[in-house]
Amino acid sequence: MANTSSAKKAVRKIASRTAVNKSRRSRVRNFVRKVEEALASGDKAAAETAFKAAQPELMRAATKGVLHRNTASRKVSRLAQRVKSLGA
């Protein structure tokens, strides 16, 4: 357990930061899941609207440090590719 006051404060900060990151990660997963479900149902219009909502959420997670920049870009790219191929 933390002994010094600075270490105790660090533990508090880490706990609050973890809670924030957890909620952000969960939010991203929910948005991505909505796109996945729309793709599975084959509804192109729903997939496009879900993707348009998910894309800024993924990039926001990257800027906040929840996801790595390249990971977010890769996820956006792959989702966009799948949404695009749905119509073809």
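Residues numbered from 1 in each chain as written. Predicted model: local features only at pLDDT ≥ 70, side-chain atom pairs only at ≥ 80, totals over all residues. Heavy atoms only, no water.

## Considerations on the environment of L86
Spelled out, the test is: Working definition: helices are DSSP H or I runs of at least four residues, strands are E runs of at least two. Numbering for both runs from the N terminus. Whether two residues touch is decided by their heavy atoms; if any such pair falls within 4.5 Å, the residues are in contact.
Structurally, L86 can be placed in helix α3 (residues 69-87). For the pair L86 and K8, spaced 78 residues apart in sequence, the C-alpha to C-alpha distance is 52 Å. Filtering out sequence-adjacent residues up to four positions away, L86 remains in contact with L39, G42, D43, K44 and A47.

## Some remarks on the environment of A46
Examined against the element boundaries, A46 turns out to sit in helix α2 (residues 44-64). Taking the C-alpha atoms as reference points, A46 and V83, separated by 37 residues in sequence, lie 9.8 Å from one another.

## Looking at α3
Applied cut-off: The length a helix should cover is 1.5 Å for every residue beyond the first. The cut-offs for exposure are 20% and 50% of the maximum accessible area for each residue type, with area from a 1.4 Å probe on protein chains only; residues under the lower value are buried, those over the upper are exposed, and the others partly exposed. Along the arc lie the directions from the helix axis toward the C-beta atoms.
Here α3 spans 28 Å end to end across 19 residues, near enough to the 27 Å set by a 1.5 Å rise per residue. Among all positions of α3, only A72, V76, L79 and V83 are buried. Burial along α3 is one-sided: seen end-on, the buried residues are contained in an arc of 70 degrees. Counted as exposed and oriented over 90 degrees from the buried face of α3: R78, Q81 and K84. Buried residues in α3 make contact with α1 (5-41) and α2.

## Looking at the packing of aromatic side chains
We apply this condition: To pair, rings of Phe, Tyr and Trp, with the six-membered ring standing in for Trp, must have centres within 6.5 Å; the planes then decide the type, stacked if under 30 degrees apart, edge-to-face if over 60, and tilted in the middle. Note on criteria: charge over ring means Lys NZ or Arg CZ within 6 Å of the ring centre, with the direction from the centre no more than 35 degrees off the ring normal.
Considering all chains together, one arrives at 0 aromatic pairs under this definition. In this arrangement the basic side chain of K34 is found over the ring face of F31, its NZ or CZ atom lying 5.3 Å from the centre.

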